Amino acid sequence: MKPLERVLVYLVALLVAATGVYNVLYSWLCHHAVRYLIVREFLPVGVIYFSWLLSVFAGLALLSLAWGLAKRKRRAWLLACVILGVSALLHLLKGLDYDAALVNLLPLAILWSLRGSYTVASDPATMRQGLLALIVLGLLLYLYGFFGFYLLDRHFGAHFDWRASARETARVLFLGSSSPVPRTYRAQWFLDSLWIGEILVLLYGTRLVFRPVLYRHRVRPEEVRRVEEILNNWGTSTLAFLLLLPDKAYFFGPGGRNVIGYTVQGNVAVALGDPVGPPEEQGEIIAAFNSFCRQHDWHPAFFQVTEAWLPLYHREGMESLKIGEEAVIELKSFTLEGKEMKGVRHAVRRAERLGYRVKFYQPPLEERLLHRLKEISDAWLRSKQGSEKRFALSWFDYQYLRNSPVAVVVDPEGREVAFANLVPTYRSRVGTIDLMRRLPSAPSGVMELLLVALAEYFRQQGLEGFSLGLAPLAGLGGFKAPLPEKTARLIYEHFNFFYGFKGLRQFKAKFRPRWEPRYLIYPAPWLLPKVALAIVRANAGGSLWGYWRAVRQIRRRVEAKE
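Residues numbered from 1 in each chain as written. Predicted model: local features only at pLDDT ≥ 70, side-chain atom pairs only at ≥ 80, totals over all residues. Heavy atoms only, no water.

**Remarks on the overall build of the protein chain**
Scanning the protein chain from terminus to terminus reveals 19 helices and 11 strands. Within the protein chain, buried positions represent 46% of all 562 residues. For the protein chain, contacts bridging at least 24 residues in sequence account for 73% of all contacts bridging at least 6. (Helix = DSSP H or I, 4+ residues; strand = E, 2+ residues; numbered from the N terminus. Buried < 20%, exposed > 50% of the residue type's maximum accessible area, 1.4 Å probe, protein only. Contact = heavy atoms within 4.5 Å.)

**Description of the pattern of salt bridges**
Summed over all chains, the structure comprises 19 salt bridges. Of the charged contacts, one joins arginine 518 and glutamate 326 as a salt bridge, the two residues approaching to 2.8 Å between their closest N and O atoms. Here the residue arginine 518 occupies a position in strand 11 (residues 514–522), and glutamate 326 occupies one in strand 5 (residues 319–330), the gap between them amounting to 192 residues. Overall, the relative accessible area of 8% leaves arginine 518 in the buried class. Of the residues examined, glutamate 326 reaches a relative accessible area of 6% and is grouped as buried. Of the charged contacts in the structure, one is a salt bridge between lysine 374 and aspartate 378, with a shortest N-O distance of 2.8 Å. Here aspartate 378 and lysine 374 lie together in helix 13 (residues 367–384), a separation of four residues that amounts to about one turn. A network of salt bridges, in which partner residues are shared, links Glu326, Glu330, Arg514, Glu516 and Arg518. (Salt bridge = Lys/Arg side-chain N within 4 Å of Asp/Glu carboxyl O.)

**A few points about empty space enclosed by the protein**
Here the idea is plain: a probe the size of a water molecule rolls over the atoms and shows the empty space left. Summed over all chains, the structure comprises one cavity of 30 Å³ or more. Here the largest cavity is characterised by a volume of approximately 30 Å³. Forming the boundary of the largest cavity are Ser237, Thr238, Phe241, Val423, Pro424, Thr425, Ser428, Val430 and Thr432. When the residues that make up the lining of the largest cavity are grouped by side-chain class, the tally is four nonpolar, five polar and no charged. (1 Å grid on protein atoms, 1.4 Å probe; cavity = no way out; pocket = protein on both sides within 12 Å on 5 of 7 lines; lining within 4 Å. Points joined across faces, edges and corners; volume = space filled by probe spheres on them. Nonpolar A, V, L, I, M, F, W, Y, C, P; charged D, E, K, R; others polar.)

**Side note on the environment of alanine 327**
Tracing the backbone shows alanine 327 in strand 5. With a relative accessible area of 0%, alanine 327 lands in the buried category. Measuring from C-alpha to C-alpha, the distance between alanine 327 and phenylalanine 466 comes to 8.4 Å, with 139 residues separating the pair along the chain. Non-local contacts of alanine 327, meaning those with residues more than four positions away in its chain, are made with Phe466, Ser467, Leu468, Gly469, Lys508, Pro513, Arg514 and Trp515.

**With respect to the sheet that holds strand 6 (residues 357–361)**
With mixed pairing, the 11 strands of this open sheet are ordered in space as 1-2-3-4-11-5-10-9-8-7-6. Edge strands, defined here as strands with exactly one partner in the open sheet, are strand 1 (249–252) and strand 6. Taking the axes of each pair of neighbouring strands and ignoring which way they run, one obtains an average angle of 30° across the sheet. Strand direction decides the pairing type here: strand 1 and strand 2 (residues 259–265), joined by four bridges, are antiparallel. Residue pairing across strands places alanine 249 opposite tyrosine 262, the latter belonging to strand 2. Lying over the sheet, helix 9 (residues 221–234) contacts strand 1 and strand 2, oriented at roughly 65° with respect to strand 1. (Pairing = 2+ DSSP bridges. Axes fitted to C-alpha atoms, helices over the stretch in contact; angles between N-to-C directions.)

**A look at helix 5 (residues 98–113)**
Owing to its 3.6 residues per turn, the α-helix aligns residues three or four sequence positions apart on the same side. Taking 1.5 Å per residue, 16 residues should reach 22 Å; helix 5 reaches 22 Å between its end C-alpha atoms and fits that length. All buried positions along helix 5 are accounted for by Ala100, Ala101, Asn104, Pro107 and Leu111. Projected onto a plane normal to the axis of helix 5, the buried residues spread over an arc of 135° and lie on a single side. Away from its buried face, by an angle of more than 90 degrees, helix 5 presents the exposed residues Leu102, Leu106 and Ser113. (Expected span 1.5 Å × (residues − 1). Arc of directions from axis to C-beta.)

**Considering the packing of aromatic side chains**
Geometrically, a pair of aromatic rings is defined through the distance of the ring centres and the angle of the planes. Summed over the entire model, instances satisfying the criterion amount to 20 aromatic pairs. When the centroid spacing of 5.9 Å and the interplanar angle of 25° are considered together, the rings of tryptophan 77 and tryptophan 112 count as stacked. Linking tryptophan 77 in helix 4 (residues 74–95) with tryptophan 112 in helix 5, this pair joins segments that are 35 residues apart in sequence. Considering the side-chain rings of phenylalanine 302 and tyrosine 313, the 4.9 Å spacing of their centres and the 55° angle between planes classify their relative orientation as tilted. Of this pair, phenylalanine 302 sits in strand 4 (residues 299–305) while tyrosine 313 is found in helix 11 (residues 310–315), placing the two residues 11 residues apart along the sequence. Looking at phenylalanine 302, the relative accessible area reads 0%, which means it is buried. Taking relative accessible area as the criterion, tyrosine 313 reaches 0% and is therefore assigned buried. (Phe/Tyr/Trp six-rings, centres within 6.5 Å; stacked < 30°, edge-to-face > 60°.)

**Here's the deal with helix 13**
Its 18 residues place the ends of helix 13 26 Å apart at the C-alpha level, agreeing with the 26 Å of an ideal helix rising 1.5 Å per residue. Looking at helix 13, one finds that the buried residues are Leu369, Leu370, Arg372, Leu373, Ile376, Ser377, Ala379 and Leu381. Two residues or fewer past helix 13, glutamine 385 is found with a positive phi of approximately 55°.

**As for the environment of leucine 243**
Relative to the assigned elements, leucine 243 resides in the loop between helix 9 and strand 1. Looking at leucine 243, the relative accessible area reads 3%, which means it is buried. As a C-alpha pair, leucine 243 and leucine 231 span 12 residues in sequence and 9.0 Å in three-dimensional space. The contact partners of leucine 243, leaving out residues within four places of it in the chain, are Val227, Leu231, Lys248, Tyr250, Val259, Gly261, Leu272 and Val276.

**Side note on unusual backbone geometry**
Going from proline 363 to proline 364, the amide bond is cis rather than trans, its omega being 0°. Relative to the helices and strands, proline 364 resides in the loop between strand 6 and helix 13. One non-glycine residue, tyrosine 426, lies in the positive phi region at around 55°. Structurally, the position occupied by tyrosine 426 is in the loop between strand 8 (416–422) and strand 9 (430–438). Note on tyrosine 426: relative accessible area 21%, which makes it partly exposed.

Right, here's the structure in full:
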């Protein structure tokens, strides 16, 4: 959306809100006696009064629709056009107020000329919820009025039986007037509360109707098959296999040959990695995904993207932030010889002297092995005082592990103490692992032994590299870096006990990998905190409970540090 068009949308929303205020004030304060007498010659008083009342409610409705218009909601645009047209007619019916009618027709004409700008959808299920809420709350409000008139009739100087109470409540709610005059402050307060309650019910229902489209994760089997085909043809990222996990939804490019795997937290759509597909169509699908998010009132973000495609994101007006570096072992030159590999070499030799070795299992895995791996995984999670992550990582699932090749470290008695599962590389020349876990009681050197065996395994498969995964917040800029990157660097340097960022990088650095930068792409600087929270929630499984568990985990580490 062009900047000028965006400004016009905001200005029109303000104009519609101002028109709503104008309608209310004009209906309350302005009265032209001559025009009114002319209308009385042709229309009954009831029609004139009802037109006056509806013009007041039309003004309130325009006020509530202004927010939806600022968000470019298509449904808000449609209702605003209808209400502005009806409001112009009502001003003519209640007193030939042609000046007020023209005031309503002006924003109607502007809205019509900008009709192509209002493309954002509202959630159908939320609309049904809004209508249901209006019905339920309206019924409760009617019962409130019914019993109020029935119990407070003496304050009106009248006697209300149940029929009269029902009739009077309907008169107040639908016609805006009460035939008996309130005699006491309590009666006046009751009428005021009834009218205020009606306004609040209408505003609340309208708010529900125009909420952003809610994310409902439904993936059809044919979509999964399309993604598998795209990955087989174009999958070169070490994150590619994560697109097939059940927490992802899919957005396919205009030609159907590209795909973005994403999840939605709140109103932030977080995509994992770069789009997968033909390189010449990457810019097209990024633009299409951004447009798709705008239509659903979502903010787009891309997590762990590569440096090669940054110009395409910047061309769409998006911001980038370096979030870490991925460690990739060069298998052609990888060796345990030399001074630089002394630490790894000693750790591997020590584990081998203790009788530990690595075994590879091909799918399908046996149930006994799966249960033993689950025991290792559970013990590892308990030692980390954490829970399974999602989105940018997978989690222990029997069906998933059963169909994965697994490298397992066994002790001298043949008992499993650590494991890592291998994932498909598709078109990539870099081998990748997913879950890598060990028993807390396993001796030092076990993980080095496992990784060295995996490097040799991938080399025998003809691959060129072995990814050790992301080192978060590693390799960030210095003094001249942008403020968000400086903040991340500060966390890396001084708050290492939160996550162990430095320790993770130091462990991976022992294998002398090459470091490839990874970035977060987000729409605007002021949305960075919201995007960051959405990623935390996605990695915690999407639930607030998972998010608070992560917060408690950080708190426990802080307390342990103290």
